Amino acid sequence: MNELPRICLKPTITVRPGGLGKLDKFRQDRHYLHPTWQDVYRPERANIEGLKGRAKSHGLDISDPAKRLAHGQVAQTILLALMICSINMHILFTWQQTTGTERALTTLCEAGAPSNPALSPPAATRVPPPARPQIRTVT
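Residues numbered from 1 in each chain as written. Predicted model: local features only at pLDDT ≥ 70, side-chain atom pairs only at ≥ 80, totals over all residues. Heavy atoms only, no water.

Trainee: Please set out the pattern of salt bridges residue by residue, giving values where relevant.
Mentor: A full pass over the atoms with the stated rule returns two salt bridges. Note that Arg45 is salt-bridged to Glu49, the shortest N-O span being 3.3 Å. Pair noted here: Arg45 and Glu49 are both in helix α2 (residues 35-55), with a separation of four residues, about one helical turn. Take Arg45: its relative accessible area is 54%, and that puts it in the exposed class. Judged by relative accessible area, Glu49 falls into the partly exposed class, the value being 36%. Several salt bridges share partner residues, and in doing so they unite Arg45, Glu49 and Lys52 into one network. (Salt bridge = Lys/Arg side-chain N within 4 Å of Asp/Glu carboxyl O. Helix = DSSP H or I, 4+ residues; strand = E, 2+ residues; numbered from the N terminus. Buried < 20%, exposed > 50% of the residue type's maximum accessible area, 1.4 Å probe, protein only.)

As C-alpha cells, this is what we get:
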C-alpha cells in the first residue's frame, strides 16, 4: 500500500510569510470562507461576475467569435477593446439614466484651472507637436 507523505496526514499546516518564495504573492491572510474572507471577497466577486455577465449578455457577447469576424490577433484585440469600451459606455449610460443626473463627469476645463501648471490643458493654437528630441553623443 502507498503511504502518503507525512505532511498530508496533518490536519493543519502553517505557512509563514515569505515561506512560499515566488508563490508568496498568492497567499491569503484570511481563512477561506471565513466571515472575514467573505466580507472582503464577496463584493468584489459579485462585481466581477456582474461585469462578465454584462459582457457576455445577448446584446454584446464578447465570447462569440462570430461577433468579431476580422482575421488576425491584432484585429481581434482591437475589436475586443472596442467592444469593452462600448460596454463601459453602456454602464455609464445606464447609471446616468438610473440616477437621473445630467452630467456624470466634468471635463478639465469645466472643473477650473488645475493647481499644477503641468496638468493644464494645451493651448488651442493648433501648433504641431514638437519634433523628436535630438540625441547627442558625447565623446
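So, next bit.
Trainee: Which residues make up α2, and what are the values?
Mentor: Across its 21 residues, α2 extends 30 Å between first and last C-alpha, which sits within 8% of the 30 Å expected from 1.5 Å per residue. Most pronounced at Tyr41, the bend in α2 amounts to some 35°, and the proline Pro43 follows within four residues. (Expected span 1.5 Å × (residues − 1). Bend = angle between axes of the 7 residues up to and from the residue.)

Trainee: So, a nonpolar patch on the surface: which residues are in play, and what are the values?
Mentor: The grouping of Ile7, Ile13, Val15, Leu20, Leu23 and Phe26 at the surface amounts to a nonpolar patch, some 580 Å² of accessible area in total. Relative to the elements of secondary structure, Phe26 occurs in the loop between α1 (6-9) and α2. (Patch = residues over 30% accessible without salt bridge, like charges linked within 9 Å, V, L, I, M, F, W, Y side chains within 5 Å. Areas by Shrake-Rupley, 256 points an atom, 1.4 Å probe, with all protein chains shown as cover.)

Trainee: Describe the packing of aromatic side chains, naming the residues involved and giving the relevant values.
Mentor: Applying the stated criterion to the full structure yields two aromatic pairs. A centroid spacing of 5.2 Å and a plane angle of 40° characterise the contact between Trp37 and Tyr41, whose relative ring orientation is tilted. In this pair, Trp37 and Tyr41 both sit in helix α2, four residues apart, roughly one turn of the helix. Classification of Tyr41 by relative accessible area gives partly exposed; the value is 27%. (Phe/Tyr/Trp six-rings, centres within 6.5 Å; stacked < 30°, edge-to-face > 60°.)

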